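# Coordinate analysis (summary)
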Amino acid sequence: MTNKTNAILKIIAGCVAAVLLLGILVVLIQINASLKAQDDTQSDNAVATRATDDDVDIVNAYDNEAANGDTDESAVTTAAEVSETPEATTTAATEAEPETTTTEATTTQAATTTTQATTTTAAATTTAPATSSATSSSNSNYSSATGDFTMDTTGITDIEIDWYSGSVTVIPYSGTTIQVSETSSSTISSSNVLYYTVNKYGELKINFNSSNRFSNAGISKDLTVYIPSSMYLDELSIEATSADIVISDAQGTLSVRDLSVETTSGNSTIKGITATEMSADTTSGTISISSCTISTELDIEVTSGSATVALPSGTGYTLEYETTTGTVSASGTTLKGEGRTTVGTGTLKIDVETTSGNVTITN
């Protein structure tokens, strides 16, 4: 009897042990499934995080290049590919209408890579003629484009021109828009077409090309800029190398607070400007100023060149001069060395510095 009872007890104990093991196995399976689900979730989150980081890197790269004025179109394409949405693809591919191009409307901002590409630039809306290049870009701080263009004057306060080889002609006229065009006897390649930007402060900058380096251009171009006579500019600055500068009054006059022209191996002719301040510098060139009304100050600097200033009749001025081997002629009096002289009321301040050139002032 005892042996039979022991046998039964052993069987019962074995069954209990089997049930316990089965229960433990089930629990382990459930724990394993839970852990695997957590791993899958974490993996999905990591992929999403990496995608977001990639987007941020692309946006940061684009913004850095845009801040330097050199927007890389490949960054826009890459951002659209990362997003892989129909809206982003459509936005990146937006093309200008045949007759007009809006500078700030045709390129997607990489910061959004969605349908925010047609953001209006705060500075001004640019409407380019049919000859304008379709290449353009914009963000909240600036817009840029290449080629000939016509621009509304709204918001524009300063114009800065940097040019190499050829000429720059500024013509005040009776129109209401700024019109800019370039010509050349040679074919103007896409890498040598003029490049311009407008920033949020209302500064219009016109450069010879996008790299603004003539050493890589190998071409001479003539730039013509029409500015409405009704427009008042805080600053008009023109710098030219191996190029002449002409500001003409043939069609009208222009009012500027501060006019600055500078040439190297080029001549400057300035007519019909009303300015509070004016400065003209040349190295191996000539300066001619006439029919201009200057309120407070005129600065002339000549190195291996000459300058002629014809002031309106009766203009009084105070002249401070410094010469090396050149001379200064003030209302018929020849001056050398360093000194100061007053003619008439002495209201206008004139500062002349010449190294090996002559400066003539008449009124």
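Provided above is the structure to which this section pertains.
Below is a summary of the structure that appears in this document. (Residues numbered from 1 in each chain as written. Predicted model: local features only at pLDDT ≥ 70, side-chain atom pairs only at ≥ 80, totals over all residues. Heavy atoms only, no water.)

### What about the overall build of the chain?
- When you go through the chain residue by residue, the secondary structure sums to three helices and 22 strands.
- With 363 residues in all, the chain has 40% of them scored as buried.
- Here the contacts in the chain between residues at least 6 apart in sequence split such that 56% fall between residues at least 24 apart.
- Surface exposure of the chain reaches about 18,400 Å², of which carbon and sulfur atoms provide 50%. (Helix = DSSP H or I, 4+ residues; strand = E, 2+ residues; numbered from the N terminus. Buried < 20%, exposed > 50% of the residue type's maximum accessible area, 1.4 Å probe, protein only. Contact = heavy atoms within 4.5 Å. Areas by Shrake-Rupley, 256 points an atom, 1.4 Å probe, with all protein chains shown as cover.)

### Overview of the packing of aromatic side chains
- Tallied over the entire structure, the rule returns four aromatic pairs.
- The interplanar angle of 25° and the centroid separation of 3.6 Å between the aromatic rings of Phe-149 and Tyr-196 together place this pair among those described as stacked. Here Phe-149 is found in strand 4 (residues 149-152), whereas its partner Tyr-196 is found in strand 7 (residues 195-199), with 47 residues between them in sequence.
- Owing to a relative accessible area of 1%, Tyr-196 belongs among the buried residues under this scheme.
- For the ring pair Tyr-164 and Phe-208, a centre distance of 6.1 Å and an interplane angle of 90° mean the geometry is edge-to-face. Highlighted residues: Tyr-164 in strand 5 (residues 158-173) and Phe-208 in the loop between strand 8 (203-207) and strand 9 (221-228), separated in sequence by 44 residues. Phe-208 matches Tyr-164 in its accessibility class, with the two residues each being buried.
- Aromatic rings pair up to connect Trp-163, Tyr-164 and Phe-208 into one cluster.
- One cation-aromatic arrangement involves Lys-221 over Phe-208; the distance from NZ or CZ to the ring centre is 4.3 Å. (Phe/Tyr/Trp six-rings, centres within 6.5 Å; stacked < 30°, edge-to-face > 60°. Lys NZ or Arg CZ within 6 Å of the ring centre and 35° of its normal.)

### Points about the pairing of strand 7
- Among the five residues that make up strand 7, five are buried, leaving the element largely enclosed by the rest of the structure.
- Burial along strand 7 is two-sided: the face carrying Tyr-195, Thr-197 and Asn-199 and the face carrying Tyr-196 and Val-198 are both buried.
- Across five bridges, the pairing between strand 3 (residues 142-146) and strand 7 is antiparallel. Within strand 7, the residue paired with Ala-145 across the bridge is Tyr-196.
- Relative to strand 8, strand 7 runs antiparallel, the two being bridged by four bridges. Bridge pairing links Tyr-195 to Asn-207 in strand 8. (Pairing = 2+ DSSP bridges.)

### Examining the nonpolar core
- Ranked by size, the top nonpolar core spans 61 residues in total, and within it Ile-161, Leu-204, Ile-206, Met-278, Ile-289, Ile-300 and Leu-319 carry the most contacts.
- The element contributing the most residues to this core is strand 10 (residues 232-247), with seven residues.
- Excluding residues that lie within four positions of it along the chain, Met-278 makes contacts with Leu-259, Ile-270, Ile-273, Ile-289, Cys-292, Ile-294, Glu-297, Leu-298 and Asp-299. (Core = buried A, V, L, I, M, F, W, Y, C linked by side-chain atoms within 4.5 Å.)

### Notes on unusual backbone geometry
- Of note in the backbone geometry, Ser-242 takes a positive phi value of approximately 55° without being a glycine.
- Ser-242 gets classed as partly exposed once you look at its relative accessible area, which sits at 38%.
- One non-glycine residue, Ser-331, lies in positive phi territory at about 50°.
- Following the sequence through the fold, Ser-331 ends up in the loop between strand 18 (328-330) and strand 19 (333-335).

### Here's the deal with the pattern of salt bridges
- Taken as a whole, this structure holds three salt bridges when the rule is applied.
- Across the pair Asp-234 and Arg-257 runs a salt bridge, and its minimum N-O distance is 2.7 Å. Here Arg-257 lies in strand 11 (residues 254-264) and Asp-234 lies in strand 10, a separation of 23 residues in the sequence. (Salt bridge = Lys/Arg side-chain N within 4 Å of Asp/Glu carboxyl O.)

### Observations regarding the side chain of Lys-221
- Tracing the backbone shows Lys-221 in strand 9.
- We classify Lys-221 as buried; its relative accessible area is 0%.
- Contact partners of Lys-221, with chain neighbours within four places excluded, come to Trp-163, Ser-165, Gly-166, Ser-167, Glu-182, Thr-183, Ser-184, Ile-188, Asn-192, Val-193, Leu-194 and Phe-208.

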